[in-house]
There are 2 protein chains.
Amino acid sequence: MNIATKTITPEITKGPLPASTKVYKPGEIHPDIRVPVREIAVHPTAGEPPVTVYDASGPYTDPTQAIDIEMGLPRLRAEWIAARGDTEEYEGRMVKPEDNGFATGERLTLQFPNLQKPRRAKDGKTVTQIAYARAGIITPEMEFIAIRENLGRKAANEKLPRDGESFGAAIPDFVTPDFVREEVARGRAIIPANINHPEAEPMIIGRNFLVKINANIGNSAVTSSMAEEVEKMVWATRWGADTVMDLSTGRNIHNIREWIIRNSPVPIGSVPLYQALEKVGGIAEDLTWEVFRDTLIEQAEQGVDYFTIHAGVRLSYIPLTVNRVTGIVSRGGSIMAKGCLHHHKESFLYEHFEEICDICRAYDVSFSLGDGLRPGSIADANDAAQFAELETLGELTKIAWAKDCQVMIEGPGHVPMHKIKENMDKQLAVCGEAPFYTLGPLTTDIAPGYDHITSGIGAAMIGWFGTAMLCYVTPKEHLGLPDRNDVKTGVITYKIAAHAADLAKGHPAAKVRDDALSRARFEFRWEDQFNLALDPETARSMHDETLPKEAHKVAHFCSMCGPKFCSMRISHDIRDAARQEGMEAMAVRYRAGGDLYMPKDL
Amino acid sequence: MNIATKTITPEITKGPLPASTKVYKPGEIHPDIRVPVREIAVHPTAGEPPVTVYDASGPYTDPTQAIDIEMGLPRLRAEWIAARGDTEEYEGRMVKPEDNGFATGERLTLQFPNLQKPRRAKDGKTVTQIAYARAGIITPEMEFIAIRENLGRKAANEKLPRDGESFGAAIPDFVTPDFVREEVARGRAIIPANINHPEAEPMIIGRNFLVKINANIGNSAVTSSMAEEVEKMVWATRWGADTVMDLSTGRNIHNIREWIIRNSPVPIGSVPLYQALEKVGGIAEDLTWEVFRDTLIEQAEQGVDYFTIHAGVRLSYIPLTVNRVTGIVSRGGSIMAKGCLHHHKESFLYEHFEEICDICRAYDVSFSLGDGLRPGSIADANDAAQFAELETLGELTKIAWAKDCQVMIEGPGHVPMHKIKENMDKQLAVCGEAPFYTLGPLTTDIAPGYDHITSGIGAAMIGWFGTAMLCYVTPKEHLGLPDRNDVKTGVITYKIAAHAADLAKGHPAAKVRDDALSRARFEFRWEDQFNLALDPETARSMHDETLPKEAHKVAHFCSMCGPKFCSMRISHDIRDAARQEGMEAMAVRYRAGGDLYMPKDL
């Protein structure tokens, strides 16, 4: 036990980001809710209030909260869930040896020590956020989200000027709890919030809200350990991951996932198929509905918030992939395709989709309908296989909605820029505006090692067009498993893409941070520039490489121009001159035309 | 002398990229020209010819060529220029102490040891590529470029399928020398090729050609040395920079530039204003036309291929910047603005623009009309100051064209995604389709340390919309001077942006490399994946971090999925099955609908 503590606890990154304070905003409908936002203080000379930003990092960045990963995070939503009176605790499924890949002894990851009994819906009750929304109920989760999405703005009268092209999205000036409810009721947004993951802070994924990002973590048969994965989750949320997918394969999947969920302040997604396949020794054709069903319940009881389900891979679509340059590149898709072919029938996911809905509904696990036939290369983008599957995902969406389940749709992949918008337009049309959740897309195949960038370009664009959540791609994509630095690079790149999309969509509060940082830049408030940056550490260390002295952090120049050339300084001189000389008045005369020469003493 | 040799020569990076051979293609109109392309060999199992890619790296990557930076590169174009009989050698301007910032003794960078006399146009002759083009002359430069742009394709009958959205660009299936001539004659493309830089390999910048990228280098008052700068130039072109701008400030500008030009296989751009300002002690208001004119001649004689000239900063526009969040951020723009204000008159650049044209014409220095009022923040994008200046740049373009000068137009800066296209559309309309050359643009201000990415997004988009050359931004933008790693990161990021733009525009040969790499990925040809990548070294080292063994480079799996899960491997199984079972025929039956179940023995 001590050994485990030693190997795990010291690895967890804690503490606030520079100049940042976590502040909790109370609810009005639900006065007991406390919604975290991060306030970044600026230098007193600015005469500006702190800049409030969205904060996905949970208690880890709050120095007043004790962190003990063996206890797990506080069970924030436990009382809200219990108060609804529509769920019950039960014994739950017994952990089986195959859940951890038959790992034993030293190879078995320790069980999480503070296990709780799972809950599920009482007979005849529907406990999903979409069911509440349709019933007109504003849950605490919905009010929490409304406050969170407003980034600290308090009321509609703090109205900011709107500037953007939203392609039909309808982002309100101010998000009300009822707006959240309505968007969830219409299926246009989801709140991934398994009743068995009460530690998570509610968040929303939808086109009329801030663009979200997901970070993938997970060990594989080849490498990585539990302690690393928990820290990767904490680390990813520290830099802004809104959800985390645990894509573990290999051994110890069950136990590692428990540690991750119990300590995660963000929703956790998974691909249950991966674990199910492990249970049948990795042989796709040996997978059965019974093994898969058991895995769904196992993961739903643990608290996974959304499941990727590759039910759109239909038998007749597989031949459409045969002449592709890169065939089927989705792991889930290829597993399902192999099973379909072997048995010459539709997959058990497609055939049992309604039963899957019934399971998900009992725990409020959201669907992430997987794009098993997504293109894996520029050559295969927007092809018949991809769009055939998308049509099926649209049909499945309607089935899930009829079952009161929450749904989002996964999208590509590899797509050249001129074919990106078609993906978004088709998804909106075919899937009834269910949120789109894309992997990139990568806009070229020729830069392995830089696929965070090839895909960040596509992600920013598709986010602008309306994608609700962007699944990150790290520099290691196609090459290896991301380490800690890759996770950070991936998250920051995707925060850039999501924010660029929010700006372009015209989100009313997105520009506040850009403007604050740019004012800091113009006024040579170097510390503020670092602190307002997505990654203050990197900004500071890059600055210090060239101008390490403390004095230079207040200097009115930087290393690019040096003291005499600085354009910002000259701009200040111009502004001063304007104040003294009434430049606007002079400009009118200049613009009057004719001979533009003005005597110096004018 | 020995000391200088020691400190310089060992730093130059030489040798071919992995699996790459530099091949020279001969001309037909001019049989003596030898156009370099890079052939990347793939593994024999692929059964594919090598992939031919554009090669900006010059003799440094040709192991058959001796490199001696004290001699400079071979004077490739010297005979072509002499053969035209319209230029003459002359004594040239004497180097003055102020050219090197009055550096003396140990602080003075050594003079380049192998100086040649400069050339200029004979009286009454016009020696610009646009003048030749308008006269119907296909110069060796033009044929060189035609061969280069075709990326090794030999004839129009190697026609590739077209797929893209070009927004009015008209990229031909096959570039002929006469097409190059016509585009140059129309002013829609430029060939930056000072007659005093015969070492440079001809290249073209225009909307109907491959999108190009520029890398900035240059020492500053604060840091950096000549040896570093020469190596940065070589390093930048090794990774794909099509032109290099020397933005040096501080001391030794003249001597460092000489070393750079004499050793540069790509066109060199500069901002003569920076050096002129150094000559007057950094006091903007002390700048005069005489000092500036002298600097133009100094740099034209050395061989600078294009000059950034901020002649669009007019007196009446300056007040338009006063209420900006970030004022004037262009160094050149702020210097000119300060001078304008101080003297209350139009700048000497604007007033003497025709004389500047006369100087440029005598050496064939191309114009890069500077955007001195470009926005420095999201808040200032597309504002009145920026677009007022653009209108003036359009007027200046027409003046330069009337003088038989080549012109491109510089563009922003910081622009949110939804405002990017307006920049391109306006530039095309106002500047008569002269090539656009943009800095990014950055699509958000909030990520210092990652501005290669914030701007790579904007660069890819504006490149797609029609920008002819993208000026790179490194991770150090806003923070410090880029080092060697930053230069590489900036160049690779911009090669990604340019290539993504070529793909989206539907350049007929762009997809060849994507497809070759994707096939290598699908067939687990790991070595080919690395070799075909923009940065083979990084791709390989990232792969080896997780799976270092040589055996894994031929393994049919990677570290993400491990051997059993690999989706690519499963896709191969599917393809094999298709071959055996005639899957297309079966698919027809599946698609016929009804009960999709097919008995296994069918």
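Residues numbered from 1 in each chain as written. Chains lettered and ligands numbered in written order. Predicted model: local features only at pLDDT ≥ 70, side-chain atom pairs only at ≥ 80, totals over all residues. Heavy atoms only, no water.

(A) Region of interest: the overall build of chain A. The number of helices and strands found in chain A is 22 helices and 15 strands. Each of the 602 residues in chain A was classed as buried or not, and the buried ones make up 69%. Put simply, 76% of the contacts in chain A that link residues at least 6 apart link residues at least 24 apart. Accessible area of chain A: about 19,500 Å², with a carbon and sulfur share of 52%. (Helix = DSSP H or I, 4+ residues; strand = E, 2+ residues; numbered from the N terminus. Buried < 20%, exposed > 50% of the residue type's maximum accessible area, 1.4 Å probe, protein only. Contact = heavy atoms within 4.5 Å. Areas by Shrake-Rupley, 256 points an atom, 1.4 Å probe, with all protein chains shown as cover.)

(B) Looking closely at the interface of chain B and chain A. Chain B puts 128 residues into the contact, and the matching count from chain A is 127 residues. Summed over both sides, the interface of chain B with chain A buries roughly 11,000 Å², with 69% coming from carbon and sulfur. Between the two partners, chain B and chain A, sit 4 salt bridges. Taken together, chain B and chain A are joined by 18 residue pairs in polar contact (both at pLDDT 80 or more). A breakdown of the residues in the side of chain B that touches chain A according to their chemical character gives 61 nonpolar, 37 polar and 30 charged. (Buried area = accessible area lost by both parts, 1.4 Å probe. Salt bridge = Lys/Arg side-chain N within 4 Å of Asp/Glu carboxyl O. Polar contact = N/O pair within 3.5 Å; in protein donor to acceptor, adjacent residues only side chain to side chain. Nonpolar A, V, L, I, M, F, W, Y, C, P; charged D, E, K, R; others polar.)

(C) Main features of the packing of aromatic side chains. Evaluation of the coordinates by the stated rule reveals 24 aromatic pairs over all chains. The interplanar angle of 35° and the centroid separation of 6.4 Å between the aromatic rings of B:W289 and B:F292 together place this pair among those described as tilted. You can see B:W289 and its partner B:F292 sitting in helix α9 (residues 289–302), 3 residues apart, about one turn around the helix. An aromatic cluster of three or more residues is present, and its members are A:F167, A:W464 and A:F465. Above the plane of the ring of B:Y24 lies B:R34, whose end atom (NZ or CZ) is 4.0 Å from the centre. (Phe/Tyr/Trp six-rings, centres within 6.5 Å; stacked < 30°, edge-to-face > 60°. Lys NZ or Arg CZ within 6 Å of the ring centre and 35° of its normal.)

(D) A look at the sheet that holds strand β3 (residues 51–54) of chain B. Residues and elements named next belong to chain B. What the 3 strands build is an open sheet, ordered β1-β2-β3; its pairing is antiparallel. The sheet is open, and its two borders are formed by β1 (20–26) and β3, each paired with just one other strand. In this sheet, adjacent strand axes meet at a mean angle of 40° when their direction is disregarded. Bridge count for strand β2 (residues 34–40) against β3 is 4 bridges, and the pairing is antiparallel. Among the inter-strand pairings, V37 is bridged to a residue of β3, identified as Y54. Sitting on the sheet, helix α4 (residues 140–149) touches β1, β2 and β3, and the angle it makes with β2 is about 10°. Across the face of the sheet, helix α17 (residues 511–522) comes into contact with β2 and β3 while running at roughly 135° to β3. (Pairing = 2+ DSSP bridges. Axes fitted to C-alpha atoms, helices over the stretch in contact; angles between N-to-C directions.)

(E) Representation of the state of the cysteines within the structure. Counted according to the given criterion, the structure contains 0 disulfides over all chains. Free of any disulfide, B:C360 has its nearest neighbouring cysteine sulfur in B:C405, separated by 5.8 Å. (Disulfide = S-S within 2.5 Å.)

(F) Region of interest: the relation of the copies chain B and chain A. Laying chain B over chain A is done by rotating through 180° and shifting 0.0 Å along the axis; what remains is an RMSD of 0.0 Å. This pairing of chains is accounted for by a two-fold axis. Minimal C-alpha distance to the rotation axis in chain B is attained by B:I457, lying at 2.3 Å. A shared interface surface links the copies, since 99% of the contact residues of chain B are contact residues in chain A too. (Least-squares fit on C-alpha atoms with pLDDT ≥ 70 in both.)

(G) Spotlight on the UniProt feature "domain: ThiC-associated" (unreviewed entry) in chain A. UniProt tags residues 16–88 of chain A as "domain: ThiC-associated" (unreviewed entry). Annotated as residues 16–88 of chain A, this span is 10% helix and 27% strand, and its ends, taken at the C-alpha atoms, are 37 Å apart. (UniProt positions renumbered as here; feature names shortened; annotations may be inferred.)

(H) Looking closely at the environment of A:P140. All names here are of chain A. Mapped onto the elements, P140 comes out in helix α4 (residues 140–149). Separated by 398 residues in sequence, P140 and T538 have C-alpha atoms that sit 37 Å apart. Leave out the neighbours within four places in its chain, and P140 touches H30, I33, W80 and R84.

(I) Representation of the side chain of B:Q529. By secondary structure assignment, the location of B:Q529 is in helix α18 (residues 526–532). Those residues within four positions of B:Q529 in sequence are excluded, and the remaining contacts are A:P448, A:H478, B:L517, B:A520 and B:R521.

(J) Expanded view of the nonpolar core. Ranked by size, the top nonpolar core spans 308 residues in total, and within it A:I309, A:F367, A:M417, B:I309, B:F367 and B:M417 carry the most contacts. In this structure, A:F367 is in contact with A:F307, A:I309, A:F353, A:I356, A:C357, A:C360, A:A400, A:C405, A:Q406, A:V407 and A:M408, ignoring residues within four places of it in sequence. (Core = buried A, V, L, I, M, F, W, Y, C linked by side-chain atoms within 4.5 Å.)

(K) Fine view of the packing of helix α6 (residues 226–239) of chain A against helix α16 (residues 484–505) of chain A. All names here are of chain A. For the pair α6 and α16, interaxial distance at closest approach is 9 Å and the crossing angle is 30°. Considering their axes alone, α6 and α16 lie roughly parallel with respect to each other. Relative to α16, α6 is oriented so that their crossing is right-handed. Judged by residue contacts, E231, K232, W235, A236 and W239 of α6 engage R484, V487, K488, V491, I492 and K495 from α16. Its residues assigned to classes, the contact of α6 with α16 shows 6 nonpolar, no polar and 5 charged. (Parallel < 35°, antiparallel > 145°, perpendicular 65-115°, else oblique. Left-handed = near helix turned anticlockwise from the far one by under 90°.)

(L) Just α4(A), in detail. Residues and elements named next belong to chain A. Of all the 10 residues making up α4, 10 are buried; the element is thus mostly covered by neighbouring parts of the structure. Of the positions making up α4, those classed as buried are P140, E141, M142, E143, F144, I145, A146, I147, R148 and E149. At the exit of α4 stands L151, carrying a positive phi of roughly 50°.

(M) Representation of the pairing of β2(B). All names here are of chain B. Burial of β2 is extensive: 5 of the 7 residues sit out of reach of the surface. Of the strand pairs in this sheet, β1 and β2 are connected by 7 bridges, and their pairing is antiparallel. For K22, the partnering residue across the bridge sits in β2 and is R38.

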